[in-house]
Amino acid sequence: MLDIFKYGDEVLREATSEVDKFDDSLSILLDAMFETLEEADGVGLAGPQVGVSKRIFVVDTRRPGERIAFVNPQILETSDDSVPYEEGCLSIPGVYHDVMRPSRVVVRARDKEGKAFTLEAEGLLARVIQHEYDHLEGRLFTDRLEKGEREKLLARYEKQASKARRKGRK
Ligand code: NI
């Protein structure tokens, strides 16, 4: 189980670099990310969230065929529409908000062995891919909200986080 970095941690905003070695350590890291994701009951987890500034993320929607590791992903295409979907983030636990994004994406990436694949996704999978890809760009879903909405959401998050910290000290 890896530590998940939270809102305010610098690593979530840092630039990420491409993976150039497809070795055992990459494979072990991706497996640990899948385990951490499952343990945290999330659907996606990106390198920066576990303190690794690499262009990697894992997705697991719990649907058949949708447990996928993405290494050096590129979004090749997005649909022209923009649809709302309620998002959350393991780095900003406890708060959720509708975010507008295209409903369909085409993404190219490598798997843990370095083999390239192209995937067309819609629905939840497309949503998670775009959210995780944003993490590689140092972007959080809150950045995509209007200022007023963002401030309200983050105030609620800070309140919950400080309450949890107080509880933890007792
Ligand atoms: Ni996230």
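Quick caveat, the model's predicted, so the values are computed rather than measured. (Residues numbered from 1 in each chain as written. Predicted model: local features only at pLDDT ≥ 70, side-chain atom pairs only at ≥ 80, totals over all residues. Heavy atoms only, no water.)

## What to know about the pairing of strand β6 (residues 104–110)
Two elements, strand β3 (residues 67–78) and β6, share 5 bridges in a ladder whose sense is antiparallel. Residue pairing across strands places T78 opposite V105, the latter belonging to β6. Here β6 pairs with strand β7 (residues 116–122) via 7 bridges, running antiparallel. Bridge pairing links R104 to E122 in β7. (Pairing = 2+ DSSP bridges. Helix = DSSP H or I, 4+ residues; strand = E, 2+ residues; numbered from the N terminus.)

## Quick word on the layout of surface pockets
Rolling a probe over the atoms, with the probe sized like a water molecule, indicates the empty space that remains. What the largest pocket holds in volume is close to 390 Å³. Those elements giving two or more residues to the lining of the largest pocket turn out to be β4 (83–87) and α2 (123–136). Among the elements that take part in the lining of the largest pocket, α2 stands out by supplying 5 residues, more than any other. Of the residues assigned to the lining of the largest pocket, the class counts are 10 nonpolar, 6 polar and 5 charged. (1 Å grid on protein atoms, 1.4 Å probe; cavity = no way out; pocket = protein on both sides within 12 Å on 5 of 7 lines; lining within 4 Å. Points joined across faces, edges and corners; volume = space filled by probe spheres on them. Nonpolar A, V, L, I, M, F, W, Y, C, P; charged D, E, K, R; others polar.)

## Some details on the packing of aromatic side chains
Throughout the structure, instances matching the rule amount to 3 aromatic pairs. Ring geometry for Y7 against Y157: centres 6.2 Å apart, planes inclined by 75°, an arrangement best described as edge-to-face. Within this pair, whereas Y7 is found in the segment before α1 (24–39), its partner Y157 is found in helix α3 (residues 147–169), the two being separated by 150 residues in sequence. For Y7, a relative accessible area of 27% translates into the label partly exposed. The class for Y157 is buried, based on a relative accessible area of 6%. Ring geometry for F70 and F117: centres 5.7 Å apart, planes at 55°, overall tilted. (Phe/Tyr/Trp six-rings, centres within 6.5 Å; stacked < 30°, edge-to-face > 60°. Buried < 20%, exposed > 50% of the residue type's maximum accessible area, 1.4 Å probe, protein only.)

## Looking at the environment of G88
Among the secondary structure elements, G88 is positioned in the loop between β4 and β5 (97–101). The partly exposed category is assigned to G88, whose relative accessible area is 27%. G88 sits 31 residues away from F57 along the chain, and the two C-alpha atoms are 16 Å apart.

## Some thoughts on unusual backbone geometry
One non-glycine residue, D41, adopts positive backbone phi at about 60°. Among the structural elements, D41 can be located in the loop between α1 and β1 (44–46). Overall, D41 belongs to the exposed group, its relative accessible area being 64%.

## Observations concerning α3
Across its 23 residues, α3 extends 33 Å between first and last C-alpha, which sits within 8% of the 33 Å expected from 1.5 Å per residue. Turning to α3, its buried residues number three or more, namely L153, L154, Y157 and A161. Buried positions along α3 lie against β5. (Expected span 1.5 Å × (residues − 1). Contact = heavy atoms within 4.5 Å.)

## Quick look at the UniProt feature "binding site: Fe cation" (unreviewed entry) in the chain
Mapped onto the present numbering, the UniProt feature "binding site: Fe cation" (unreviewed entry) falls at C89, H131 and H135. Across 47 residues, the annotated set stays spatially compact, with a maximum C-alpha separation of 10.2 Å. Checked against the lining of the largest pocket, the annotated residues just named reduce to C89 and H131. Turning to its location among the elements, H131 is positioned in helix α2. Residue H131 is classed as buried on the basis of its relative accessible area, which comes to 7%. Tracing the backbone through its elements, the reader meets H135 in helix α2. The exposure class of H135 is buried, given its relative accessible area of 1%. In contact with H135, not counting residues within four places along its chain, are L12, A46, P48, Q49, C89 and L140. (UniProt positions renumbered as here; feature names shortened; annotations may be inferred.)

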